[in-house]
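Listed below, chain by chain, are the residues.
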Amino acid sequence: MFKKTLTLAVAAAALAVAAPALADDVKIGFLADVSGPIAGFAPGMVEAGNLAIANVNDQGGILDGQKLISVSADSECDSGKAATAADRLVNAENVVAIFGGYCSGSTIAGANGSAIPGNVVMISPASTAPAVAELNDNDLVFRDVVPDSIQGVKAAELLLGQGVKEVGVTYVNNDYGSGLAGAFVDAFVAGGGKVLANVAHEDGKADYRPEIGQIEAAGATTLVIYGYENAGGGAILNQAIEAGSFDLFMGGDGMAGEALLASRNAADLEGMILTQAAPAEGPAFDALAALTSAVGQDVTGTYVTNSYDAVFLLALAIEKNGSAERAGVSAALREIANAPGETILPGEWAKAKELIAAGTDINYEGASGSIEFDDVGDVAGAINYFVVEGGSVVNKGLIQ
């Protein structure tokens, strides 16, 4: 019996030596605000990110055939919870890089609390607040979405161009709301307009009539709402409609999405203006449209293109860096995103992997637009505007 056991043990040991060790999975953290005020569209962003991961794994995996996986943590669009979620991703899950956050406050809290100290690159697909660009981040925090410093200015130019000279503004009291409202107000006033009232609001209240009343009392008949449709911004819109004091509404990207009309009488919103980063077009967008269509996703969903691009960029940067170590990912990200290099479109993982292995420069062209990171990790871009007409949200094209 002893001899048989010994023989089996020796054979098992020999097999263990002969078999290659299984490579560890390569983890990308998803700092994702899937609950809270942007819960209406955040799940679609997660789906887009996971589609990018599936495309990588279906074409041979990352590095030496390892599997790329996502590890999610819900930051709930709350700075405190984002700090805790990012800490888990960085220090417990040991992710190589982070896709997110989505809300600006989540990105800032996650970066300052864990990502920057942990030398972890982040790409946000949706954090538009100007404050993100002001982080002392050691070149670790990037975003592939147009910042509010552009959106606010373009929104002001649009209203002024339409002859609107006086407005009331309300904004959610966080980095996103205050940043976007600040950019809008500065540009509107500089262009000769007058802001009759500029009122902060907090999410989570049942009654926003005091804020609405303050704006009404100032004499404003155009109301600009910089908040979230699924939270205070949407409640203010509903109660402002009931008040009947406003002739025109405008909202930013936080008010956009399918939910805007889903639970409201579209006739009450007729003429409402929405601003959002311009959707891309061309070969990169078409390539992602084919990929999303194949799995039943909507490429035109809010921040879907930005989300896919962010995760695919992180995967390319890790591949370019040549290891699952955090050091070097930032420099590699700039190399694979910025020109020059052979063009890589969404889904072209096998092509990119082969070119990287050959030492050839690549240049990822995003479905969300051309991605060329500037000194602070931002991208340039254009702003579209949309108008509620006849029960639908109609894309009116670029704000010129």
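Residues numbered from 1 in each chain as written. Predicted model: local features only at pLDDT ≥ 70, side-chain atom pairs only at ≥ 80, totals over all residues. Heavy atoms only, no water.

Novice: Just to check I follow, could you spell out empty space enclosed by the protein for this structure?
Specialist: In this approach a probe as big as a water molecule rolls over the atoms, and the regions it shows empty are the leftover space. Within the structure shown, the criterion is met by one cavity of 30 Å³ or more. One number sums up the size of the largest cavity: a volume of about 110 Å³. Taken together, 13 residues form the lining of the largest cavity, with I38, A126, Y176, Y228 and Y303 sitting closest to its centre. Across the lining of the largest cavity, the residue classes tally to eight nonpolar, four polar and one charged. (1 Å grid on protein atoms, 1.4 Å probe; cavity = no way out; pocket = protein on both sides within 12 Å on 5 of 7 lines; lining within 4 Å. Points joined across faces, edges and corners; volume = space filled by probe spheres on them. Nonpolar A, V, L, I, M, F, W, Y, C, P; charged D, E, K, R; others polar.)

Novice: I tried to follow the state of the cysteines on my own but got confused; where do I start?
Specialist: What makes a disulfide is a covalent bond joining the sulfur atoms belonging to two cysteines. Counting across every chain of the model gives one disulfide. For C77, the disulfide goes to C103, at an S-S distance of 1.9 Å. Across the S-S bond linking C77 and C103, the dihedral sits near -105°, which makes this disulfide left-handed. Of this pair, C77 sits in the loop between β2 (68-74) and α3 (79-92) while C103 sits in the loop between β3 (97-100) and α4 (104-115), and the two are 26 residues apart along the sequence. Across this residue pair, the class does not change: C77 and C103 are buried. (Disulfide = S-S within 2.5 Å. Helix = DSSP H or I, 4+ residues; strand = E, 2+ residues; numbered from the N terminus. Buried < 20%, exposed > 50% of the residue type's maximum accessible area, 1.4 Å probe, protein only.)

Novice: Looking at this structure, how should I read the side chain of D144?
Specialist: Mapped onto the elements of the fold, D144 is located in the loop between β5 (141-143) and α5 (148-161). The side chain of D144 sits in the buried core without any salt bridge; R143 is the nearest counter-charge, 8.8 Å away. Ignoring anything within four residues of it in the chain, the contact list for D144 reads I123, S124, P125, N306, D309, A310, S368, I371 and V379. (Lys, Arg positive; Asp, Glu negative; His and termini not counted. Salt bridge = Lys/Arg side-chain N within 4 Å of Asp/Glu carboxyl O. Contact = heavy atoms within 4.5 Å.)

Novice: Could you clarify how one ought to interpret the pairing of β2 in this entry?
Specialist: The side chains of a regular strand alternate, residue by residue, between the two faces of the sheet. Both strand β1 (residues 26-32) and β2 contribute to a ladder of seven bridges, which runs parallel. Within β2, the position partnered with A32 by the bridge is D74. (Pairing = 2+ DSSP bridges.)

Novice: Just checking my understanding: could you explain the packing of helix α11 (residues 304-321) against helix α12 (residues 329-337) for this structure?
Specialist: The geometry of α11 relative to α12 is characterised by a closest axis approach of 8 Å and an angle of 110° between their N-to-C directions. When the axes of α11 and α12 are compared, the pair comes out roughly perpendicular. The handedness of the crossing between α11 and α12 is right-handed. Between α11 and α12, the residues in contact are L313, L316, A317, K320 and N321 and V329, A332, L333, E335, I336 and A337, respectively. Residue classes in the contact of α11 with α12 are distributed as eight nonpolar, one polar and two charged. (Axes fitted to C-alpha atoms, helices over the stretch in contact; angles between N-to-C directions. Parallel < 35°, antiparallel > 145°, perpendicular 65-115°, else oblique. Left-handed = near helix turned anticlockwise from the far one by under 90°.)

Novice: What is the right way to read the sheet that holds β5 from this model?
Specialist: The strands that make up a sheet are held in pairs by hydrogen bonds between backbone atoms, and each pair lies either parallel or antiparallel. Sheet architecture is open: five strands sit in the order β2-β1-β3-β4-β5, paired in parallel fashion. Edge positions in the sheet fall to β2 and β5, since each has one partner strand and no second. Going across the sheet, the axis of each strand differs from the next one's by a mean of 25°, ignoring polarity. Pairing of β3 with strand β4 (residues 121-124) involves three bridges; the strand directions are parallel. Paired with A97 across the bridge in β4 is V121. Those strands touched by α4 are β1, β3, β4 and β5, and its axis lies near 175° from that of β4. Strands in contact with α12 are β4 and β5; relative to β4, the strand with the most contacts, it is inclined by about 45°.

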